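Chain by chain, the residues:
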Amino acid sequence: MINSTLRIAVPSKGRLAAPTVALLQAAGIPVPADDRRLLVPVPDQNVELLFARTDDIPTLIRDGAADVGIAGSNQLLEYGSDGVEELSRLGFGACRLAIAVPADSAIRTTTDLAGRRIATSHPVVLKAFLAEQGIDGIVVTLSGSVELAPTIGAADAVCDLVSTGETLRQNGLRPIETILRSEAVLLGAADQRDAAGIAVLCTAIESVLAARPKRYLMLNAPDAALDAIVDLLPGIDAPTILPLARSDMHAVHAVVDAADLPRLLHPLKEAGASGLLVLPIEHLIP
Ligand code: AMP
C-alpha cells in the first residue's frame, strides 16, 4: 500500500455526504465541489475518491474496490462482512434503529411482536435482534417508505432509523424499543489496518476530530497574578508560559474545552488576565 493509491469511498449523497466532505477537507484532502466524476484523483496525493452509496460502501471495501470508506455503523452490520471493520468513529450521523408501532396499537413491548409483521430496510440487524430475543416476528423487507407500512396494511410495526423522532411522530408511530445506536464510521479492510496510507489517513482524521471540541486560549498575565491564572487553566499537559517583552508580564497559552469557555473567561478577567484571544484548532494529537 505504501506507494500505491489509497482509494477512499465517500458517500455520494444522503445525510452523511456533506459532513464527510467537510471532515476530509479539514483532514487535508480536498474534495472537488462540482465534479460529476465518480472516481476523482486528488492532486499531489496518492489518494482517489470513489463516490458511492453508503449502503454499498462496506461491500466495495470487502471486495477490494476501495481501501477505506465512510458509512453508518448500522450499514457495516447490515451489509458488512468479516473482512471489513470499523477504524474510527467519526462523531456525526448519530441515529438509532428503533422498532415503532402505530400510536393506538395494542403492541406495547417487543414480546408482543410474536407473529406480527415488521417492515424494515434493515432486515439483517432486525432478524439478529429478534433471534437474540427469541421473538418469532415476521420481517417484511422494504427499501423505502417504511413508515407508511402500518397505515397501508403492509405491516404491524416498523423498524427504522430515527434521529429526532419527528418522522415517526408525523407518521403516527410510537417507538417501543431501540435495537441499535449508529454513527458515521471510517471503515477499512481488516487485513489492511496497518497499511501506511490508512494509518496516515486515520491520524489526520482523528486529529481533526480531537481538535473540534477544543480551543487555543492565549492571554497576558501580570506576574503577580500568574499563579492564580494558571490555576484556572487545564492545558493538554500544563499551560505554556512565555516571557513578554515587558518584564512584569507573561503570556499564557492553553488548550481548553470550548464548552468550558463561557465559565472560564470571567474568572480569568477578574484574576487580571488581559489580551485574551481564543482561536480554533485545526489538528490536535494529544
Ligand atoms: P444515506 O442513505 O446515504 O442517506 O445514509 C443513511 C445513513 O445515514 C444511515 O444508515 C445512518 O447511518 C445515517 N443516518 C443518520 N441519521 C439518520 C436518519 N435520521 N435517518 C436515516 N439515516 C440516518
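Structure: see above.
Notes on the structure in this doc start here. (Residues numbered from 1 in each chain as written. Predicted model: local features only at pLDDT ≥ 70, side-chain atom pairs only at ≥ 80, totals over all residues. Heavy atoms only, no water.)

### With respect to the overall build of the chain
Of regular secondary structure, the chain possesses eight helices and 15 strands. The C-alpha radius of gyration computed for the chain amounts to 25 Å, which surpasses the reference 19 Å derived for 286 residues by more than 25%, pointing to a less compact arrangement than a globule. Counting only C-alpha atoms and orienting by the principal axes, one finds that the chain spans roughly 80 × 50 × 35 Å. The burial tally for the chain puts 43% of its 286 residues in the buried class. Intrachain contacts of the chain at a sequence separation of at least 6 include 70% that bridge at least 24 residues. Of the roughly 14800 Å² of accessible surface on the chain, 52% is carried by carbon and sulfur atoms. (Helix = DSSP H or I, 4+ residues; strand = E, 2+ residues; numbered from the N terminus. Rg over C-alpha atoms; globule rule 2.2 N^0.38 Å. Buried < 20%, exposed > 50% of the residue type's maximum accessible area, 1.4 Å probe, protein only. Contact = heavy atoms within 4.5 Å. Areas by Shrake-Rupley, 256 points an atom, 1.4 Å probe, with all protein chains shown as cover.)

### Side note on the site of the ligand
Taken together, 14 residues form the shell around the ligand, and within it Arg15, Thr54, Asn74, Gln75 and Ser163 come nearest. Note that an oxygen atom of the ligand is positioned 2.8 Å from one of the side-chain N or O atoms of threonine 54. Here serine 163 contributes a side-chain N or O atom positioned 2.8 Å from a nitrogen atom of the ligand. In the complex, 80% of the free accessible area of the ligand, which totals 490 Å², lies under the protein chains. More than half of the atoms belonging to the ligand lie within 2 Å of the grid points that define the largest pocket. Tallied by class, residues from the shell around the ligand come to four nonpolar, eight polar and two charged. Three or more residues apiece are contributed to the shell around the ligand by two domains, here domain 1 (6–93 + 183–211) and domain 2 (95–182). (Near = heavy atom within 4 Å. Polar contact = N/O pair within 3.5 Å; in protein donor to acceptor, adjacent residues only side chain to side chain. 1 Å grid on protein atoms, 1.4 Å probe; cavity = no way out; pocket = protein on both sides within 12 Å on 5 of 7 lines; lining within 4 Å. Sits in = over half its atoms within 2 Å of the grid points. Nonpolar A, V, L, I, M, F, W, Y, C, P; charged D, E, K, R; others polar. Domains from an automatic or database assignment.)

### Digging into the packing of helix H1 (residues 17–26) against helix H6 (residues 196–211)
Two elements in contact, H1 and H6, have axes whose closest approach is 9 Å; the angle formed by their N-to-C orientations is 105 degrees. As summarised for this structure, H1 and H6 are arranged roughly perpendicular, according to the angle between their axes. Counted together, Leu23, Leu24 and Ala26 of H1 and Ile205, Val208 and Leu209 of H6 form the full contact between these two elements. Grouping the amino acids of the contact of H1 with H6 by side-chain chemistry returns six nonpolar, no polar and no charged. (Axes fitted to C-alpha atoms, helices over the stretch in contact; angles between N-to-C directions. Parallel < 35°, antiparallel > 145°, perpendicular 65-115°, else oblique.)

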